[in-house]
Amino acid sequence: MNAPSRKMGLGGAEVVLSAQNLVKRFGGITATGNVSLDLTRGARHALIGPNGAGKTTLINLLTGVLDPTEGRITLEGEDITRLAPHQRVHRGMVRTFQINQLFKTMTPLETLALVIAQQKGQGARWWKPLGGDAAVAERAEQLLETFRLSEVRNQRTEHLAYGKRRLLEIAIALACEPRVLLLDEPVAGVPAGEREELLQTVAALPADVSVLLIEHDMDLVFSFANRMTVLVNGTVLTEGSPEQIANDPQVRAVYLGHGDDHHDAGNGTNAANGASHG
Ligand SMILES: Nc1ncnc2c1ncn2[C@@H]1O[C@H](COP(=O)(O)OP(=O)(O)O)[C@@H](O)[C@H]1O
Ligand SMILES: [Mg+2]
């Protein structure tokens, strides 16, 4: 039975995205072992854990890049477990877009206009003069402004500073009108001088969009999140408020405690300096 049902999470907040008992095996390797996770409406939820914990696999399961071996995923109460990635985007679950070759020669303005036009079902007409569609132009202007891209609006994306590219990636995701936004390491690789702008922009994301953030940068995680899930070895070690997570002895031992006198197990040394891979 796939009847939509309104599930309630902590404090009565509505659950928007729910992963139930997800399992993903690659041959003999269990990358995801019975993971359950609820994202409530408007959530600022961070997913953390050492390299190899299964964060990327979980995001790939949620977005439909990978099929789970077992388990179920619901979005707004609807079963989306077997939907293709683009069908999930249509239903409002959007992951930050990696800028690819297609956009290299395009400007931020052109790129956003293209995505907005497609979102409005005008994919075939995107290349018409922008003035031809006031609604598209206005939304593009808004996003350029919000994401501090106004000054570089007419530069080819291949010439943008790295931080501006990451801002454009998030702007593109928002142009898809997400209800759930999956942010995969938004500040990874961004030089110190460009970080603050990115942090402020992430902090100012629309309140009604539910955000799941994967990030190694603990400054960002703890300034952003009001809920945190810690993955270790493919399973949920614990979930809680940032305060609970910061003070959890188990979490400190496996992940946060590297600055202390703990012996490092050898796979979590990237906690402070960013991921080796996404
Ligand atoms: N396509 C794959 N085939 C085999 N093993 C995989 C594959 N993808 C991930 N894994 C394994 O699953 C585990 C979790 O990986 P991953 O999800 O990338 O972790 P994280 O993103 O937290 O660093 C690792 O042991 C990894 O080697
Ligand atoms: Mg990863």
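Refer to the structure printed above.
These remarks concern the structure in this document. (Residues numbered from 1 in each chain as written. Chains lettered and ligands numbered in written order. Predicted model: local features only at pLDDT ≥ 70, side-chain atom pairs only at ≥ 80, totals over all residues.)

**Some details on the sheet that holds strand β5 (residues 78-79)**
- Ordered in space as β2-β1-β4-β5, the 4 strands form an open sheet in which the pairing is antiparallel. One side of each edge strand has no neighbouring strand; the edge strands of this open sheet are β2 (29-40) and β5.
- Looking at chain direction, strand β4 (residues 70-75) and β5 are connected through 2 bridges and run antiparallel. Looking at β5, one finds that Thr-74 is bridged to Asp-79.
- Strands in contact with helix α1 (residues 55-63) are β1 (15-26), β2 and β4; relative to β2, the strand with the most contacts, it is inclined by about 60°. (Pairing = 2+ DSSP bridges. Helix = DSSP H or I, 4+ residues; strand = E, 2+ residues; numbered from the N terminus. Contact = placed C-beta atoms within 7 Å. Axes fitted to C-alpha atoms, helices over the stretch in contact; angles between N-to-C directions.)

**Thoughts on unusual backbone geometry**
- We note that Asn-34 has phi near 60°; this positive angle belongs to a residue other than glycine.
- Inspection of the secondary structure puts Asn-34 in strand β2.
- Backbone geometry at Asn-233 places phi at a positive 50°, although glycine is not the residue there.
- Turning to its location among the elements, Asn-233 is positioned in the loop between β9 (227-232) and β10 (235-240).

**Looking at the site of ligand 1**
- Close to ligand 1 lie Phe-26, Ile-29, Ala-31, Gly-49, Asn-51, Gly-52, Ala-53, Gly-54, Lys-55, Thr-56 and Thr-57, which account for all nearby residues.
- Elements represented by at least two residues in the shell around ligand 1 include exactly β2 and α1.
- Examining the composition of the shell around ligand 1, we find that 3 residues originate from one element, α1, more than from any other.
- Its residues assigned to classes, the shell around ligand 1 shows 4 nonpolar, 6 polar and 1 charged. (Near = placed C-beta within 6 Å. Nonpolar A, V, L, I, M, F, W, Y, C, P; charged D, E, K, R; others polar.)

**Side note on the pairing of strand β8 (residues 210-214)**
- Counting buried positions along β8 gives 5 out of 5 residues, so the element sits mostly inside the fold.
- Neither face of β8 is exposed, since Ser-210, Leu-212 and Ile-214 on one face and Val-211 and Leu-213 on the opposite face are all buried.
- Across 5 bridges, the pairing between strand β7 (residues 180-184) and β8 is parallel. Of the residues in β8, the one forming a bridge with Leu-183 is Leu-213.
- Once the chain exits β7 it traverses helix α6 (residues 192-203) before rejoining the sheet at β8, and the crossover so formed is right-handed. (Buried ≥ 20, exposed ≤ 12 C-beta atoms within 10 Å, placed from the backbone. Right-handed = clockwise from strand over helix to strand, strands pointing away.)

**Description of the nonpolar core**
- Judged by nonpolar contacts, the single largest core of 71 residues is most densely connected at Leu-112, Ala-171 and Leu-213.
- By residue number, the principal contributor to this core is helix α5 (residues 162-175), which donates 8 residues.
- Structurally, this core is a two-domain feature, drawing no fewer than three residues from each of domain 1 (7-92 + 179-266) and domain 2 (98-177). (Core = buried A, V, L, I, M, F, W, Y, C linked by C-beta atoms within 7 Å. Domains from an automatic or database assignment.)

**Observations regarding the environment of Leu-183**
- If you trace the backbone, Leu-183 turns up in strand β7.
- What makes Leu-183 buried here is the crowd of 25 C-beta atoms within 10 Å.
- A C-alpha to C-alpha distance of 9.4 Å links Leu-183 and Val-202, two positions 19 residues apart in sequence.

**A word on the pairing of strand β3 (residues 44-48)**
- Summarising burial for β3: 5 of the 5 residues are buried, a large majority.
- Judged by which residues are buried, β3 turns out to be covered on both faces: Arg-44, Ala-46 and Ile-48 on one side and His-45 and Leu-47 on the other are all buried.
- For β3 and β8, the ladder comprises 4 bridges, and the chain directions are parallel. If you follow Ala-46 over to β8, its bridge partner there is Leu-213.
- Pairing of β3 with β9 involves 4 bridges; the strand directions are parallel. The residue bridging Leu-47 from the neighbouring strand is Thr-229, located in β9.

**Quick look at α5**
- Look at α5: 20 Å from first C-alpha to last across 14 residues, which is about the 20 Å you get at 1.5 Å a residue.
- Of all the 14 residues making up α5, 13 are buried; the element is thus mostly covered by neighbouring parts of the structure.
- Of the residues one or two after α5, Glu-177 is the one with positive phi, at around 55°. (Expected span 1.5 Å × (residues − 1).)

**Considering the sheet that holds β3**
- Strands sit in the order β6-β7-β8-β3-β9-β10 across an open sheet of 6 strands; the sheet is mixed. Sheet topology places β6 (93-95) and β10 at the edges, where each strand pairs with a single neighbour. On average, each strand axis in the sheet is inclined to that of its neighbour by 20°, with strand direction left out of account.
- Against the sheet, α1 contacts β3, β6, β7, β8 and β9, and its axis sits at roughly 150° relative to β7.

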